[in-house]
Amino acid sequence: MVKNFKLAANRRKRILFYLLPAVGYAALIFALSSSALDIEELEPVFKYDKLLHLAEYYAFGYLLMRVFTTSPDSSRARNAVFATIVVGTVYGASDELHQYFVPGRDCSLLDFLFDAAGASLAAVTFFFVRHQLGPVRALENRIEAEVSRS
């Protein structure tokens, strides 16, 4: 009984600290893609449009890696890089397709490629960022300690 309670508590914490941020970020991407753009107002941003796509999907890819690498399913954890690249790329494609139907937005192959590149870059740099950058390491260590504590 106590073991089942601890497993349930760990599962809830894992959902809260790992799955929910990734799903929430995906929802944020969808919400931002759903809004029509005022082209004249955003003219200065278009110079950096591709860089923004790369950064947006890098963050998404990092969150996906957190989900996959902490999976209780060992095969999913072992294939985290592949899973992140696939999920990030498919979500980027669906986001671009979604924008085709939003007034004032368009579906762009180049945007999709930068989305996929961002998720892929996050997948291959995750362990470096996670373990070598002090502030990120400190935050991740605190989260891991909270998840494993029951």
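Residues numbered from 1 in each chain as written. Predicted model: local features only at pLDDT ≥ 70, side-chain atom pairs only at ≥ 80, totals over all residues. Heavy atoms only, no water.

(A) Main features of the environment of Glu 56. Note on placement: Glu 56 falls in helix 2 (residues 49-69). Between the C-alpha atom of Glu 56 and that of Ala 119, which follows or precedes it by 63 residues, the distance is 8.7 Å. With sequence-adjacent residues up to four places away left out, Glu 56 is seen in contact with Tyr 25 and Ile 29. (Helix = DSSP H or I, 4+ residues; strand = E, 2+ residues; numbered from the N terminus. Contact = heavy atoms within 4.5 Å.)

(B) Just helix 5 (residues 109-132), in detail. For helix 5, spanning 24 residues, the distance from its first C-alpha to its last is 34 Å, which sits close to the expected 34 Å at 1.5 Å a residue. At Thr 125, helix 5 shows its largest bend, some 60°. Looking only at helix 5, the buried set comprises Asp 111, Phe 112, Asp 115, Ala 116, Gly 118, Ala 119, Ala 122, Ala 123, Phe 126, Val 129 and Arg 130. Looking at the buried residues of helix 5, the elements they touch are helix 2, helix 4 (80-100) and helix 6 (134-148). (Expected span 1.5 Å × (residues − 1). Bend = angle between axes of the 7 residues up to and from the residue. Buried < 20%, exposed > 50% of the residue type's maximum accessible area, 1.4 Å probe, protein only.)

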